[in-house]
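# Results of the structural survey
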Amino acid sequence: MMLQKNYYLRDLTLSVLFQKTTRMKLKNPLRLLLSLLMLWATCNPMDARAIQPDATDSIVQLLRQTRDTARIDLLIRISTELRSSDPRKAFTYAREALSMAEDLENESRIGSANRAIAGVYTVTAIYDEALEYLFSALSQFKNLDDSANMARCYDDIGVVYRLSGDFANARNNLQQSIDVNKKLRDNAQVAINYMNMGMAYLNVDSIDKGLSYFTVSYMIADSLDMEEEKVILLNNIGYGFARLGQHEDALKNFYKVLELMSGKPDDLTRSEAMVNIARGYYKMKKYPEALKYARNSYDLAKAKGFRYVYRDASQILSDIYAAQGNHRLAYNYLSEFRNVSDTIMNAEKSDQLVKIQTLYNLDQIEQENQSLREENNRNKKRIRTRTLVTGIIASLVLVLGILLLMLNRLNNKQLALNKKLAAQSNELEALNDLKDKFFSFVAHNLKNPFNTIMGFAELMQRSSETRESEKSRQYAGLIYDLSSQVQKVLSNLLDWSRLQRRSFEVRPETVELTSLVKDVLEMNNKEAARKDINLSINEHGSVYVTADRSMVTTVLQNLVSNAINFTSSAGQITIDCHEKGQVAEVSVTDTGTGITRENLERLFHFDFSQAKIGSSDSSGAGLGLIICHEMLVKNGGDIHATSEHGKGSRFTFTLPLATQHDPGIPQEEKPMEQTSAEVAESLLTSDVPKTEAALADFRTIIVPRFEEVSRVLSIENLEVFSKSLTLTGEKYGLVQLVNYGKSLNALTRAHQIDQIIRMLPRFREYMDRFIK
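Along every chain, residues carry numbers that run from 1 in the direction the sequence is written. Selection of residues for local features in this predicted model requires a pLDDT of at least 70, selection of side-chain atom pairs for listing and counting requires 80 or more, and totals for whole chains, interfaces and linings are taken over all residues. Side-chain numbers here rest on the full set of heavy atoms in the structure, without hydrogens or water.

### Comments concerning a nonpolar patch on the surface
- Patches in this entry comprise residues that are over 30% relatively accessible and not in a salt bridge; like charges within 9 Å are linked, as are nonpolar side chains (Val, Leu, Ile, Met, Phe, Trp, Tyr) within 5 Å. Each accessible area value is a Shrake-Rupley result obtained with a 1.4 Å probe; residue values ignore everything except the protein chains displayed when judging cover. Each reported salt bridge corresponds to a side-chain nitrogen of Lys or Arg within 4 Å of a carboxyl oxygen of Asp or Glu. Among the surface-exposed residues, Leu398, Val399, Leu400, Ile402, Leu403 and Met406 lie close enough to one another that they form a single nonpolar patch of about 550 Å² accessible area.
- By the secondary structure assignment, leucine 403 is in helix H17 (residues 327–465).
- Burial classes follow relative accessibility: with a 1.4 Å probe on protein chains only, a residue under 20% of its type's maximum area counts as buried, one over 50% as exposed, and anything between as partly exposed. Look at leucine 403 and you get partly exposed, because its relative accessible area is 42%. To qualify as a helix, a DSSP run of H or I must reach at least 4 residues; to qualify as a strand, a run of E must reach at least 2; elements of each kind are numbered from the N terminus.

Structural data, given as structure tokens:
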């Protein structure tokens, strides 16, 4: 609302002047009005670009031809364009827009009209009235759940608080605007929010914080080619460095302003930048350079009539010549500085009476409008009361008829509800019975394994007393094997319980099934080799399905693990993966012990009364296949088994094929819907690369780019780093590294700097793990 383009001393003057004004006693209202007008003049210097009157006149001509909501929108637009050049007319147009919007009961336009009125009060430095209308507008937009306009209101409120000297409230409201705009992904508005937040910190001398906000804002503005905002930010950053005494850094930013202005007809900004550069060189006692830019600024401002820049250029020239010992020229420019200052002051004084009249008129108009609003509200209240009485009488008659109809329907619903309650009661009894069986299963089947573990532990203790180390190792191995079986059953019970409680969330994505099968075989090669079992896969090219990758991996791992457990040494396990119609079919065939017909019929239907925890003979609780069946059903697939006792088994499951993919080109997988924090935590718990090639790529590519990002946090560096992570992860099958890279790339494109800063330290922890 009130973005300042003035060079870097003007905002400080504004804050000090307001604090002096607000301490005046209200017994002298004329003095207060004069001071407020001086504050207004500071915010709107004569050098500022004027509104083009022809454009506004054309809109006013169009206003005569429009009605209703279109007229309201035009009135608000005209008020916005006139608020600086003619506040009185701007206020009149905004009040008319508000009155029409209230008559039409259009809440959105009521809020917009309130914002327009607040804008007039802001440029005239009547901040209490501005805040009142802004809070009213914010309330309207909250009722409409209009997040975009809510964010604009928060930003306007923050700016008004900043101008009024209430910097704590300014920061709170600006932060709320930032949060809303981030959710809306309105990066241009986020850049403006950060800029205003930086100004709020500069006003309380928190210069480092202010500079950090300006820097982030500049990064976003630069990526969006927001040229006007970039100029403002560079001036503000230069001002901050100058206040810290870091004049070389300040000069770099002012030089960038000149570079942006090259070839553009903005002589005012160019002359301001040259004054700032001259001031910086003067502070560094580099008088020749300071003199060069001061002279250029002086000549340009004098030729173009930029009185404020002309005045400041005269002052800095006087200071430079005085420092060089040329007192004659120093005196001449000092005299010129005083003459220009007197001219500016006289011009401001000549406008003060007009401004006072404007403020008085605004107050009179507001009082008249308040009286009209109160009268209008009273009339509306009388009409509503009459309408309400009429409506109540009509409603009572209608209600009596409806009640009779409802009583009949209620009776029918009651009968249906009783039937439903009876069915639910039977279902609850069945579930309660299942719960009792479940607890009985857990208690009875965990008792014996733990008794066995305790027995072996006691034997191991006695062996250690007699120093029979070989027996101790045997007992420890037996304890470990039995504990592993118990742990596997408990894990299956937990998964089964989560499936029953529907706490397993299916996250479908496009999955290349053949490569996933190869990954599972790779994980089980060691166990198969221990039993001298041959694992193989019949490939039929790439097969793409739509399913939850984690669940499909669990199903494959369970089936392959079972096949290894029930296959004797020198056996064969074969996995076949191919397309069949509209589904993908995967079969796991083994040459193991097979399954009896009785057990095959109840293979996918769990019975607590029959299940037992496994022992050394490779029996099991049976939950693994139940979990596989339920996971596949949730993904739109199915599973069945064929077996011949003593000759082996075949388990076959299906999944729906992915649509709209090119069989010859791998389709890009959609990232799992995880938060950035969850992705980072998953990376820390994942395996680190172990091959020499992977470690070499990490040392030569990933580590240098991570260090570069740590030194210079720029959008370009982040994009290069995140893409490197994704490519390296895909190259070596590091799924969590791929997810981390994609998540970081998405945050970079959305300019979510705060979340990126929280994610990067987690990667350093991951990197330290594999370096060690």
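So, next bit.
### A look at helix H16 (residues 307–324)
- Over its 18 residues, H16 runs 26 Å from end to end, which matches the ideal 26 Å to within 8%, given 1.5 Å per residue.
- Considered for burial, the residues of H16 that qualify are Tyr308, Val309, Tyr310, Asp312, Ala313, Ser314, Ile316, Leu317, Ser318, Ile320 and Tyr321.
- Among the residues trailing H16, glycine 325 stands out with phi positive, at a value near 90°. A helix is expected to span 1.5 Å multiplied by its residue count minus one.

### Here we look at the packing of helix H5 (residues 87–104) against helix H6 (residues 107–123)
- At a minimum axis separation of 9 Å, H5 and H6 run at an interaxial angle of 160°. Put simply, H5 runs roughly antiparallel to H6. Our pair here, H5 against H6, has a crossing hand that is left-handed. Listed contacts from H6 to Pro87, Ala90, Phe91, Ala94, Arg95, Ala97, Leu98, Ala101 and Glu102 of H5 are Arg109, Ile110, Ala113, Asn114, Ala116, Ile117, Val120 and Tyr121. Throughout, an axis means a line fitted to C-alpha atoms (over the contacting stretch in the case of helices), and angles, computed between N-to-C directions, take values from 0 to 180 degrees. Here the word oblique covers every angle except those under 35 degrees (roughly parallel), over 145 (roughly antiparallel) and from 65 to 115 (roughly perpendicular). Two helices crossing with the near one rotated counterclockwise from the far one by less than a right angle form a left-handed crossing, whereas a clockwise rotation gives a right-handed crossing. When checking whether two residues touch, look at their non-hydrogen atoms; a contact exists if any pair is within 4.5 Å.

### What to know about the sheet that holds strand S2 (residues 534–538)
- Taken together, five strands build an open sheet; the order of strands is S2-S4-S5-S7-S6 and the sheet is mixed. At either margin of the open sheet sits one strand with a lone partner, and together these are S2 and strand S6 (638–644). Averaged over all pairs of adjacent strands, the angle between their axes in this sheet comes to 15°, without regard to strand direction.
- A pair of strands is considered paired only if DSSP assigns at least 2 bridges between the two. Pairing of strand S4 (residues 572–580) with strand S5 (residues 583–590), which is carried by eight bridges, proceeds in the antiparallel orientation. Bridge pairing links lysine 580 to valine 583 in S5.
- The sheet strands contacting helix H20 (residues 549–565) are S4, S5, S6 and strand S7 (648–656), and the helix crosses S7 at an angle near 175°.

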